[in-house]
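The lines below spell out each chain.
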Amino acid sequence: MRDFLPAEKARRERVLAVIRDRYRAHGFDEIETPVVEDYARLHSGMGGDNEKLSFSILKRGLDANDFVAAAGDVSALADLGLRFDLTVPLARFYATNRGDLPTVFRSIQMAPVWRAERPQKGRYRQFVQCDIDIIGDASARAEAELIVATLDTVDAFGLDGASVRINDRRALDAMLDVFGFTPEERPGVLITIDKLDKVGADGVVAELRERGVTASAVDAFETFMQRPQTLEFRPFGEDQIRKALPAGMPDDVIAHLAGIGEVVTAARGEAPLVFDPFLVRGMGYYTGTIFELAHPSVNYSLGGGGRYDGMIGRFLGQDVPAVGFSIGFERIVDLLENNEADSAPAVVLVHDKNVDVARLIALKAELVREGMRVRIEQRTKNLNGLLNRAQADGYGAFATVAADTTRETLELKQLG
């Protein structure tokens, strides 16, 4: 968990403002949910490994006897926890407020979440997520809207060349079935397959054999990975998807994926989509389409999401289609160059000690009315140090204020 100095906080807010503006332009509405949720809801089996990383909140009024009686059972001691993502809270929010929401609800959530990560570079225990979700639409249009809005947001940052890797959990299940893996083996097999980018096909095959899963299924997977492949260009669509999959895949799943590409192409003139049959994503609640945002400048994803049609039904008692896309705010902030400035001119008024306070504050108020951002600083012996700090905080100009200075005689000078 980190502190942010003024300049970095201002930079983060500028990035958030761009994301919020682009999302709202695409018809999404912002909501807010509590930072805590019921312990049972956060540990319902839908959050995958993130459930193990959740921060739990002890029940109030516990004594030593309660801890002895719990015998290490955290669920007996905790009734609340900090949210580890924004999707579980959204499902609860929709189930609670459905009567006040449109049939197809497009939401924005931009807020911090908490995970008990092991401290390391790029892994934070508190970080911001920026989610857009569509609830109530089972068609390919929903995924396409999310993808178009996300790519539009990336465009607004000048990050050219972004693409979206896309797959479907139903296609993954069907593929593992064709290979011959049993339903009980699939969770572990998917964990291994998810390492394909890091260890390659040979590494995945070796680990699958170490797992002791069905040997003939591993053989079938290895044969599929070694099949001859041509390198001719195929735009995203049914042909490309079928070529990347073994025979016998569900036609409705392929049609759904191809339909997403058609809508994205209609909206953008192209479909920067890449079908990846081995894209897994670890969240346990995904039921269909899954995707990740990629950029050629980095070897990690800048966001991701997918369809989670079964989650809301856990709270509502009836299934409601839902799909979401989360942009990696912290990674976007790290990727962007810090060359943005506030739209309003930022000025530091450096005043002498003998300047009348009323005159000084009146002068500041006049500049503020003109649309400027104004900070007051008393002159110090080390004026350069004062101005350098102000520039680091985002101020672009300064002016000195003497006892007789007026708005008409105030001279603004650029910093830097």
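Everything discussed here concerns the structure shown above.
The paragraphs below set out a description of the structure included in this document. (Residues numbered from 1 in each chain as written. Predicted model: local features only at pLDDT ≥ 70, side-chain atom pairs only at ≥ 80, totals over all residues. Heavy atoms only, no water.)

So, the overall build of the protein
Piece 1. For the protein, the count of helices and strands is 15 helices and 15 strands.
Piece 2. Taken over 416 residues, the protein has a buried fraction of 46%.
Piece 3. Counting only contacts in the protein whose residues sit at least 6 apart along the sequence, the fraction spanning at least 24 positions is 67%.
Piece 4. Within the structure as shown, the protein displays about 20700 Å² of accessible surface, and the carbon and sulfur contribution to it stands at 50%. (Helix = DSSP H or I, 4+ residues; strand = E, 2+ residues; numbered from the N terminus. Buried < 20%, exposed > 50% of the residue type's maximum accessible area, 1.4 Å probe, protein only. Contact = heavy atoms within 4.5 Å. Areas by Shrake-Rupley, 256 points an atom, 1.4 Å probe, with all protein chains shown as cover.)

Side note on the packing of aromatic side chains
Piece 1. Under the definition given, this model contains eight aromatic pairs.
Piece 2. For the pair phenylalanine 179 and phenylalanine 224, a centre-to-centre distance of 5.6 Å together with 55 degrees between the ring planes defines the contact as tilted. With phenylalanine 179 in helix α6 (residues 169–179) and phenylalanine 224 in helix α9 (residues 215–225), this residue pair connects regions lying 45 residues apart in the sequence.
Piece 3. Taking relative accessible area as the criterion, phenylalanine 224 reaches 8% and is therefore assigned buried.
Piece 4. For the ring pair phenylalanine 224 and phenylalanine 278, a centre distance of 6.3 Å and an interplane angle of 70 degrees mean the geometry is edge-to-face. (Phe/Tyr/Trp six-rings, centres within 6.5 Å; stacked < 30°, edge-to-face > 60°.)

Digging into the pairing of strand β11 (residues 322–327)
Piece 1. When you tally the buried positions in β11, you get six out of six residues, the bulk of the element.
Piece 2. Side-chain alternation along β11 places Ala322, Gly324 and Ser326 on one buried face and Val323, Phe325 and Ile327 on a second face that is also buried.
Piece 3. Strand direction decides the pairing type here: strand β6 (residues 126–135) and β11, joined by six bridges, are antiparallel. Paired with isoleucine 135 across the two strands is alanine 322, which belongs to β11.
Piece 4. Where strand β10 (residues 303–307) meets β11, five bridges bridge the pair, whose relative direction is antiparallel. When the sheet's bridge partners are listed, glycine 303 is paired in β11 with isoleucine 327. (Pairing = 2+ DSSP bridges.)

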